[in-house]
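Coordinate inspection notes
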Amino acid sequence: MSTATDLLAAFNSTISSLKPIQSIAQKIPGSQVAWRYIKASHQDDPIRTILEVALVFFIIRTYAQSRTKGDTSGKNFVKLSEKEIDELVEEWIPEPLLPPAKPKIGAQAPIILGPTGPRPRVLFPSPGQDPRDPVNPMPLEGGKVVLNLASVNFGNLAGNERVRDKAVACLRRYGVGSCGPPGFYGTFDVHMELERDLAVFLSVPAAIIYAHSFSTIASVIPSFSKRGDIIVADRGVNFAIQKGIQISRSTVRWYEHGDYEGLERVLEGIRKEDKRYGRKPTAGRRFIITEGIFENDGSMVDLPKIMELKRKYKYRLMLDESWSFGIVGKTGRGVTEVFDIPTASVDILTGSMANGLGSGGGFCAGSLDVVAHQRINSPALVFSAALPPLLAVSASEAISLLSIPPSSPEHPLNGLIENVRVLRNLLDPITSIEIPSAAVSPVIHITIKPNNNSSNPFLSVEQSRNEQERLLQDVVDQCAENGVLVSRVRRNWEQEIVENRPSLRVCVTSGLTRKEVEKAGSVLKTALGKVLGKGRK
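Note that the structure is predicted; figures quoted are calculated from it, not measured.

**Topic: the overall build of the protein chain**
Of regular secondary structure, the protein chain possesses 20 helices and 16 strands. Burial analysis of the protein chain (537 residues in total) assigns 44% to the buried set. Intrachain contacts of the protein chain at a sequence separation of at least 6 include 67% that bridge at least 24 residues. Put simply, the protein chain shows about 29,300 Å² of open surface, and 57% of that area lies on carbon and sulfur atoms.

Structure (structure tokens):
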């Protein structure tokens, strides 16, 4: 106590000795205000003044040390001769900017000449021919008409005349780009109209649009779920969801793909942990994240079961309908329509306008608060240029087409379910393959049945995967030779959180007739029989 008193007395005497300096400092403009503040601060709280002065001396002392200013004298540098420098330079090997490229499987990708659609004209480069070679350019002419089961064109909206005419008119009025983020001169009237159209079509209070479909769910997740929050996710979710979960830094609990009993065990385990550690369930946010139709295998979520568990354990639901909105349901409203569940009962619903509407970008639908929160908290919305106006108009026109009574022959999805059924009837009996996709899904994944993909049972996982990809690419090439386009799924295996099996992806479209689908299915069936039969020998 006496020490503190002595310090205060010494400090008061120091302040009184500064009066000559005060008279000089008063001549500086604004100094009287600063001096009154110092005196008042000292009288009210002298301990604070001591701390502030000590802090000033500490800053001066720290700056005076050579280690913070940097040693420019060179006395601590290691001095090397010219010969030693040259030797070090010769020995130095820079790290590669990218990992070594893996050998490419298959020939050059086919080139679509003109607009895409169910029957595009396609040019197939010859082996060793590079269409991007600037020295010997490849003539982009000729080609042949093929049946397209590779492009994402489920409702045949890619060549729809109404959509095209609206897009052309918008292009002439607004130009091409938006020239700014939505919150900074990038919002046009057609963007606001599209958000209203989406909200009305889905019967939800509000919707918000994004410029890129991949970035939608990858940005929505970290907008709501932060460090300390809990995410329970299906292990089969797509790559965009995986990235969103990583960015959020939330606590993640996975359940096996499509195992809803496993999901309930995970939720029950979290509840028991709450009781064991005295943790309040309301202390942080908790989400169940899943897809409508899964991008990786075409299977469909059991939405009624998810809704039951969500209500039982008091979780919020994030449902990504990127591969179901505009694709399944009588009118294309997604899996909520398939199971007759109100869309408004899903807390956060995201979707792609590229896959289902033949346009571009993505959207998120939900309550007014959910949408308003994203306008200033979603990185993909705040820092990315807004959706080009012509794509917004195209999406709005596609929604108006989907709003036509489903019994009308003009409805984009008219005939799609029948085409899916015809193709599945041809492919399901094949014994050498497995099709995990839902019966109503126009996204059909074809995988090689285990133990049928190799004659060597001792291959490593990577070797087995490479052999499966080679066989599937042979199927793709065989189909292309016979006038049918299908695609092999290409994955970034090094960054995928979950191991998926190599697969073919077939995208059924309503733009083909029943006979054309039967022909395409027969070609695919024959190619599978030839290639997989040869691979088993």
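Having seen the structure, we can now continue with the description.
**Thoughts on the pairing of strand β16 (residues 504–507)**
Both faces of β16 are covered, namely the face carrying Leu504 and Val506 and the face carrying Arg505 and Cys507. As defined by bridge partners, strand β13 (residues 443–448) adjoins β16 across four bridges and the pair is classed as antiparallel. Counted as the bridge partner of Val443 is Cys507 from β16. As paired strands, strand β15 (residues 487–488) and β16 are joined by two bridges and run antiparallel to one another. Among the inter-strand pairings, Ser487 is bridged to a residue of β16, identified as Arg505.

**Concerning helix α13 (residues 303–313)**
Of all the residues in α13, the buried ones are Leu303, Ile306, Met307, Leu309, Lys310 and Tyr313. For α13, the buried positions fall inside an angular range of 165° around the axis, keeping them on one side. Next to the buried residues of α13 lie β7 (251–255), α12 (260–277), β8 (286–291), β9 (316–320) and α14 (335–338). Count one or two residues on from α13 and you reach Lys314, which has phi positive near 60°.

**Topic: the sheet that holds β9**
Strand order in the open sheet formed by seven strands is β5-β11-β10-β9-β8-β6-β7, with mixed pairing between adjacent strands. The open sheet has two free edges, formed respectively by β5 (206–210) and β7, since each of these has just one partner strand. Strand-to-strand twist across the sheet, computed as the mean angle between neighbouring axes with direction ignored, equals 20°. With five bridges joining them, strand β6 (residues 230–234) and β7 adopt parallel strand pairing. Counterpart to Ile231 in the pairing with β7 is Val252. Lying over the sheet, helix α10 (residues 213–224) contacts β5, β6, β8, β9, β10 (348–352) and β11 (362–366), oriented at roughly 160° with respect to β10.

**Some points on the packing of helix α9 (residues 189–202) against helix α17 (residues 389–402)**
Closest axis-to-axis distance for the α9/α17 pair is 9 Å, and the angle between their directions is 25°. On the basis of the axis angle, α9 is roughly parallel to α17. Handedness of the crossing formed by α9 with α17: left-handed. Within the contact between the two elements, α9 uses Val190, His191, Glu193, Leu194, Asp197, Leu198 and Phe201 and α17 uses Pro389, Ala392, Val393, Ala395, Ser396, Ile399 and Leu402. Partitioning the contact of α9 with α17 into residue classes produces 10 nonpolar, two polar and two charged.

**Some thoughts on the nonpolar core**
Core analysis: the largest hydrophobic core is formed by 116 residues, its most contacted members being Ile446 and Leu528. Setting aside residues up to four positions removed in sequence, Leu528 forms contacts with Leu427, Ile430, Ile433, Ile446, Val475, Leu504 and Gly533.

**As for the pattern of salt bridges**
Side chains that carry opposite charge are capable of pairing whenever their charged atoms lie near each other. Following the criterion strictly, the structure yields 22 salt bridges and no others. Here Asp428 ties to Arg424 by a salt bridge, and the two come within 3.0 Å at their closest N and O atoms. For Asp428, a relative accessible area of 43% translates into the label partly exposed. When salt bridges with common partners are traced through the structure, they connect Arg253, Glu273, Asp274, Arg279 and Arg286 into a single cluster.

**Let's talk about the sheet that holds strand β1 (residues 111–113)**
Taken in spatial order, the three strands line up as β1-β2-β3 in an open sheet, and their pairing is antiparallel. For this open sheet the edge positions go to β1 and β3 (144–145), each flanked by a neighbour on one side alone. Bridge count between strand β2 (residues 121–123) and β3: two bridges; the pairing is antiparallel. Within β3, the residue paired with Arg121 across the bridge is Val145.

**Here we look at the packing of aromatic side chains**
In the structure shown here, the tally under the stated rule is six aromatic pairs. Measuring from centroid to centroid gives 6.4 Å for Phe154 and Trp323, while their planes differ by 80°, and the two rings are edge-to-face. In this pair, Phe154 is assigned in the loop between β4 (147–148) and α7 (161–174) and Trp323 in the loop between β9 and α14, connecting sequence segments 169 residues apart. Considering the side-chain rings of Phe184 and Tyr185, the 4.8 Å spacing of their centres and the 65° angle between planes classify their relative orientation as edge-to-face. Pair check on accessibility: Phe184 and Tyr185 agree, each one exposed. An aromatic cluster is present here, built from Phe201, Phe325 and Phe363 joined pairwise through their rings. Residue placement shows Arg333 over the ring face of Phe201; its charged tip is 4.0 Å from the ring centre.

What counts and what doesn't
Along each chain, numbering runs from 1 in the same order as the chain's sequence is written. Reporting in this predicted model follows two pLDDT cut-offs: at least 70 for local features of residues, and 80 or more for side-chain atom pairs to be given and counted; totals over whole chains, interfaces and linings ignore these cut-offs and use all residues. Hydrogens and water molecules were not included; the side-chain quantities draw on all heavy atoms of the structure. In DSSP terms, a helix is any run of H or I states spanning at least four residues, a strand is any run of E spanning at least two, and both are numbered starting from the N terminus. The cut-offs for exposure are 20% and 50% of the maximum accessible area for each residue type, with area from a 1.4 Å probe on protein chains only; residues under the lower value are buried, those over the upper are exposed, and the others partly exposed. The criterion used for residue contact is that any of the two residues' heavy atoms lie within 4.5 Å. What sets the accessible areas is the Shrake-Rupley method with a 1.4 Å probe; for residues, cover comes only from the shown protein chains. Two strands qualify as a pair provided DSSP detects at least 2 bridges between them. Note: the arc covers the axis-to-C-beta directions of the helix. Simply put, an axis is a line fit to the C-alpha atoms, just over the touching stretch for a helix, and the angle between two N-to-C directions goes from 0 to 180 degrees. Angles below 35 degrees are treated as roughly parallel, those above 145 as roughly antiparallel, those between 65 and 115 as roughly perpendicular, and all remaining angles as oblique. Each crossing is labelled by how the near helix is turned from the far one, with a counterclockwise turn of less than a right angle marking it left-handed and a clockwise turn marking it right-handed. Note on residue classes: Ala, Val, Leu, Ile, Met, Phe, Trp, Tyr, Cys and Pro are nonpolar, Asp, Glu, Lys and Arg are charged, and everything else, Gly too, is polar. For the purposes of this section, nonpolar cores are sets of buried Ala, Val, Leu, Ile, Met, Phe, Trp, Tyr and Cys residues that join through side-chain atoms within 4.5 Å. A side-chain nitrogen of Lys or Arg and a carboxyl oxygen of Asp or Glu constitute a salt bridge if their distance falls within 4 Å. Pairing of aromatic rings covers Phe, Tyr and Trp, the last counted by its six-membered ring, and requires centre-to-centre distances within 6.5 Å; plane angles under 30 degrees mean stacked, over 60 mean edge-to-face, and any other angle means tilted. The criterion for a charge sitting over a ring is simple: Lys NZ or Arg CZ within 6 Å of the ring centre, and within 35 degrees of the ring normal.

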